[in-house]
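Commentary on secondary and tertiary structure
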There are 2 protein chains.
Amino acid sequence: MEIAKSKIGMYKRLPSHVGIIPDGNRRWAEKQGMAKKDGYAFGVDPGFELYELCLELGIKEMTFYGFTQDNTKRPVEQRKEFQRACVKAVDMLAAKDAELLVVGNTNSRLFPKELLPFTRRTVFGKGLMRVNFLVNYGWQWDLASALGILSGKEAKNRVGLTDAIASREISRLDLIIRWGGRRRLSGFLPVQSIYADFYIVDEMWPDFRPKHLFEALSWYDGQDVTLGG
Amino acid sequence: MEIAKSKIGMYKRLPSHVGIIPDGNRRWAEKQGMAKKDGYAFGVDPGFELYELCLELGIKEMTFYGFTQDNTKRPVEQRKEFQRACVKAVDMLAAKDAELLVVGNTNSRLFPKELLPFTRRTVFGKGLMRVNFLVNYGWQWDLASALGILSGKEAKNRVGLTDAIASREISRLDLIIRWGGRRRLSGFLPVQSIYADFYIVDEMWPDFRPKHLFEALSWYDGQDVTLGG
């Protein structure tokens, strides 16, 4: 990816961990005159383009919002399409160099069973980047898992909250980029997002362009890190 | 406030609950050639101007970020000033019409003891608006309180997470407005912020102007509410 190589060294500080909220698939489909459900299939390739760019730049960890338990309330034909898109994305990632971790509520028929093996971190190829993929993820499920763990043995050993949530293997986010113009987290990893900088791209996710990433990184470059201090 | 009256009825939908992150006091002070610590005292009056505007418009609940446990790591002379500003704000609010609730970790000498009575909701005057004030607040403290509650009796009654956090009397946020240009939550009520729309004002908080609020409300007016669905 020559386009990314030209950007290497351009940023004073890169985020270690970038969160991706790929919103706007349905609105994009409607603008194209397609059914809403048909937008999801166009969201897979942009994710790989973005992954390759971040890999070239040296970003160490990415977390992609696949679908949430909230999302599964949508019409069944839409649900099937975003489930299918998630399974396809993992199939394709298996041919790349990444350490994949799928995080989500597996105690549900809405969790695609093809993805069960990847709820333990799995190395593909040279495992060059940690890639986390939220699938049938719910913020309540994530936080409430801490209650289950801490009411058991670990409570006596004073395990902290951040070590007890369901997504505990996912590190703190430095930068979250959301496509589709909305300025909200929509339940995206509430604990890891606490100190993250939040960048909005107005274009819909299937209209992803490399410049969106570069603009987000340039903006991030000018922010300071205070961790609330 | 004539300025707010002219805006009544201009918005198709108003947020019920607005969160306020009044950032930039120290940067503002430095620009004025003052010591950083001296910026906090200039943050009290803007809060009341904003409260009066929101009251006129019919907004039912506001939550103000006072100071956090993270903030108390700052130099002691700064800490004293933001503690003093919080106490002064409550003194002034006592002459208004509001239902005040102060939320924060009171098991610390950093919590101003003058504010202890207000950790139970207190009606001032006609109690026209719910005002929540986060004082020595910490997101870890807030979430971890749920663990304490749920490991006790209530766990058997299956109390939900949102009913068990320390800030459980504060409702879901519809809109969060942050002054000072930074695009991050910095630990502001992670559970109540899950679905909130997030609006950034580049001006520093002591430079508050009514138009900042009106611009935020106009922008919010054009958003949809999906609650993740």
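Cut-offs applied
Residue indices begin from 1 for each chain and proceed along its sequence in written order. Both sets of labels track the order of writing: A upward for chains, 1 upward for ligands. Local features in this predicted model are restricted to residues whose pLDDT is 70 or higher, and side-chain atom pairs enter the listing and the counts only when it is 80 or higher, whereas totals over whole chains, interfaces and linings include all residues. To obtain the side-chain values, all non-hydrogen atoms of the structure were used and water was disregarded. Pairing between strands is defined by DSSP: at least two bridges between them are needed. Secondary structure elements are defined from DSSP: runs of H or I of at least 4 residues count as helices, runs of E of at least 2 residues count as strands, and each element is numbered from the N terminus. For helices, the fitted axis covers only the stretch in contact; all axes are lines through C-alpha atoms, and the angles between them, taken along N-to-C directions, range from 0 to 180 degrees. What sets the superposition is a least-squares fit of C-alpha atoms, and only residues with pLDDT of at least 70 in both copies go into it. When the centres of two rings from Phe, Tyr and Trp lie within 6.5 Å, Trp using its six-membered ring, the rings pair. Their planes under 30 degrees apart give stacked, over 60 give edge-to-face, and anything left gives tilted. Think of it in three bands: with a 1.4 Å probe and only protein chains considered, a residue is buried below 20% of the maximum accessible area for its type, exposed above 50%, and partly exposed in between. Here, a charge over a ring means that NZ of Lys or CZ of Arg falls within 6 Å of the ring centre while also lying within 35 degrees of the ring normal. When a carboxyl oxygen of Asp or Glu is within 4 Å of a side-chain nitrogen of Lys or Arg, the pair counts as a salt bridge.

1. Some details on the sheet that holds strand β4 (residues 122-124) of chain A
Residue and element names in this part refer to chain A. Read across the open sheet, the 7 strands follow the order β4-β3-β5-β2-β1-β6-β7; overall the sheet is mixed. Only two strands of the sheet have a single neighbouring strand rather than two, namely β4 and β7 (197-201). Within this sheet the neighbouring strands show an average axis-to-axis angle of 20°, counted without direction. Two elements, strand β1 (residues 17-22) and strand β6 (residues 175-179), share 5 bridges in a ladder whose sense is parallel.

2. A short note on the relation of the copies chain A and chain B
If you rotate chain A by 180° and push it 0.0 Å along the axis, it lands on chain B with an RMSD of 0.0 Å. Taken together, the rotation and translation relating the two chain copies correspond to the operation of a two-fold axis.

3. Overview of the packing of aromatic side chains
All chains considered together, the criterion is met by 25 aromatic pairs over all chains. Here the aromatic rings of Y195 of chain A and W139 of chain B are separated by 6.4 Å at their centres, their planes lie at 75°, and the arrangement is edge-to-face. Taken as a pair, Y195 of chain A in the loop between β6 and β7 and W139 of chain B in helix α5 (residues 139-150) lie in two separate chains rather than in one. Among the residues examined, W139 of chain B registers a relative accessible area of 6% and is labelled buried. Among the aromatic residues, those joined into a ring-pair cluster are Y65, Y137, W141 and F188 of chain A. Over the aromatic face of Y220 of chain A sits the side chain of R13 of chain A, whose NZ or CZ is 4.0 Å from the ring centroid.

4. Focus: the pattern of salt bridges
Per the counting criterion, the structure on display carries 22 salt bridges over all chains. One salt bridge in this structure joins D23 of chain A and R178 of chain A, with 3.1 Å as the shortest N-O distance. In this pair, D23 of chain A is assigned in the loop between β1 and α2 (25-31) and R178 of chain A in strand β6, connecting sequence segments 155 residues apart. Here R178 of chain A falls in the buried class, since its relative accessible area comes to 4%. One salt bridge connects D23 of chain B with R27 of chain B, and the closest N-O pair in it is separated by 3.0 Å. Residue classification places D23 of chain B among the buried positions, given a relative accessible area of 17%. Residue class for R27 of chain B comes out partly exposed when judged on its relative accessible area of 26%. Sharing partners across several salt bridges, the network here consists of D23, R27, R178 and R182 of chain A.

Worth remembering: the numbers are spatial, not functional.
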